[in-house]
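Breakdown of the fold
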Amino acid sequence: MDNVPEEPTSNQKSVTFHVPNISGQLPITLALLLIIAMLAIWRPWSQVGTSARTITVTGQADITATPDEYTFTPEYQFTSSSQQQALSDSTKKLNEVVAKVKALGVADDKIKTNANGYTDNYYDSGSSTYYASLTITVDNKALAQKVQDYLLTTSPTGSVTPSADFSKAKKLQLTNSARDQATKDARAKADQSAHNLGFKIGKVKVFQDEPEDQLVYPVYGGVAEGLASGTDATSTPIKQGQNDLTYQVTVTYYIN
């Protein structure tokens, strides 16, 4: 006979097991663990109330160096009852000076000319005055001396002594060096305050780099006035001295 399963008796109980749906709860559990880990690393509660705790310091660097560029700005004045004659004299003079300066060794792209005129009604309503000027840039002291010696013989008005300044290349080099020193100075001041006052310096909140053009201070030499044509005199030696470059940065640090 075939085995027929017995019917459960009244004394036997049926037991049912329920298996939880782990696959549905696992992503939620992992997400919660990830959030907890991120909060433990970030610790946003430690930053609450500390955003206003900062210290601001100014770092400065002062660099002194010898300038390597010389700029001349001689001017000439021409007055005549004939406007055309005054303009002609002005043009002739500029051409003469430019040709000589180039012969001395000044590059053509280092010479700029300018001429303008007006009617001088105060002195003589029938006269016209023209002003001619040159801007000559030289990057060699020996050549600058030759240019000055020559310009003194051209009867210029005002000063013919060049202004001594830093060339663009040297200014960039000095600025980079000054910026490096200024940022280190700012950090040193912040560390000193932290040590003296009992706190710790945190990350940088704000960094302000001062404009470069406002921080270069050239120091000019003496003045050599123009001489009358035919006058024998020795040109004043060029003494470029040294120029100062000051650079500043402002840094705001968080306080821990």
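Residues numbered from 1 in each chain as written. Predicted model: local features only at pLDDT ≥ 70, side-chain atom pairs only at ≥ 80, totals over all residues. Heavy atoms only, no water.

1. Observations concerning the overall build of the protein chain
- The number of helices and strands found in the protein chain is four helices and nine strands.
- Reading the protein chain from its N end, one meets helices and strands in the order α-β-β-β-α-β-β-α-β-α-β-β-β.
- Within the span of the protein chain, comprising 256 residues, buried residues form 29% of the whole.
- Put simply, 84% of the contacts in the protein chain that link residues at least 6 apart link residues at least 24 apart.
- Put simply, the protein chain shows about 17,300 Å² of open surface, and 52% of that area lies on carbon and sulfur atoms. (Helix = DSSP H or I, 4+ residues; strand = E, 2+ residues; numbered from the N terminus. Buried < 20%, exposed > 50% of the residue type's maximum accessible area, 1.4 Å probe, protein only. Contact = heavy atoms within 4.5 Å. Areas by Shrake-Rupley, 256 points an atom, 1.4 Å probe, with all protein chains shown as cover.)

2. Here we look at the pattern of salt bridges
- The tally for this structure, following the rule as stated, stands at five salt bridges.
- Among the ionic pairs, Asp209 bridges to Arg179, the shortest N-O distance being 3.2 Å. Separated by 30 residues along the polypeptide, Asp209 in strand S7 (residues 201-209) and Arg179 in helix H4 (residues 168-197) bring together distant segments of the chain.
- Residue Asp209 is classed as partly exposed on the basis of its relative accessible area, which comes to 34%.
- Arg179 sits in the partly exposed class, given a relative accessible area of 22%. (Salt bridge = Lys/Arg side-chain N within 4 Å of Asp/Glu carboxyl O.)

3. Here we look at H4
- With 30 residues, H4 should cover 44 Å at 1.5 Å per step; its first-to-last C-alpha distance of 43 Å lies within 8% of that length.
- Buried residues in H4 make contact with strand S1 (54-65), S7 and strand S9 (243-255).
- Gly198 occupies a position one or two residues after H4 and carries a positive phi of about 80°. (Expected span 1.5 Å × (residues − 1).)

4. Section: a nonpolar patch on the surface
- Residues Ile28, Leu32, Ile35 and Leu39 make up a contiguous nonpolar surface patch of about 370 Å² in total accessible area.
- Relative to the assigned elements, Leu32 resides in helix H1 (residues 22-42). (Patch = residues over 30% accessible without salt bridge, like charges linked within 9 Å, V, L, I, M, F, W, Y side chains within 5 Å.)

5. Re the side chain of Ser167
- Within the secondary structure, Ser167 sits in the loop between strand S6 (163-165) and H4.
- Polar side-chain contacts of Ser167 include one of 2.7 Å to the side chain of Asp68.
- Discounting chain neighbours no more than four positions away, the residues touching Ser167 are Asp68 and Glu69. (Polar contact = N/O pair within 3.5 Å; in protein donor to acceptor, adjacent residues only side chain to side chain.)

6. Notes on the pairing of S9
- Where burial is concerned, most of S9 is hidden: ten out of the 13 residues are buried.
- Note: S1 against S9, twelve bridges, orientation antiparallel. Pairing of Ile63 across the sheet is with Leu245, part of S9.
- Relative to S9, S7 runs antiparallel, the two being bridged by six bridges. When the sheet's bridge partners are listed, Asp209 is paired in S9 with Val249. (Pairing = 2+ DSSP bridges.)

7. Side note on the nonpolar core
- Counting 23 residues, the largest nonpolar core has Phe72, Val106, Leu134, Ile136, Val138 and Leu151 as its most contacted members.
- Of all elements in the fold, only strand S2 (69-72), strand S3 (75-80), helix H2 (83-104), strand S5 (128-138) and helix H3 (141-151) reach the threshold of two or more residues within this core.
- Of the residues forming this core, the biggest block, five residues, is contributed by H3.
- If sequence neighbours within four positions are ignored, Val138 has contacts with Asp68, Glu69, Tyr70, Phe72, Val106, Leu143, Ala144 and Val147.
- Judged by nonpolar contacts, the second largest core, of 20 residues, contains Val57, Leu174, Ile201 and Ile255. (Core = buried A, V, L, I, M, F, W, Y, C linked by side-chain atoms within 4.5 Å.)

8. Description of unusual backbone geometry
- Even without glycine at this site, Ser155 takes up a positive phi of about 55°.
- Relative to the elements of secondary structure, Ser155 occurs in the loop between H3 and S6.
- For Ser155, a relative accessible area of 29% puts it in the partly exposed group.

9. Overview of the environment of Glu75
- By secondary structure assignment, the location of Glu75 is in strand S3.
- Taking the C-alpha atoms as reference points, Glu75 and Ser159, 84 residues apart in sequence, are found 8.5 Å from one another.
- Setting aside residues up to four positions removed in sequence, Glu75 forms contacts with Ala132, Ser133, Pro156 and Thr157.

10. Considerations on H2
- With 22 residues, H2 should reach 32 Å at 1.5 Å per residue; the first-to-last C-alpha distance of 32 Å fits that figure.
- For H2, the full list of buried residues reads Ala86, Ser90, Lys93, Leu94, Val97, Val98 and Val101. Down the axis of H2, the buried set is contained in an arc of 125°. They therefore lie on one face. With respect to the buried face of H2, the exposed residues turned more than 90 degrees away are Gln84, Lys92, Asn95 and Ala103. (Arc of directions from axis to C-beta.)

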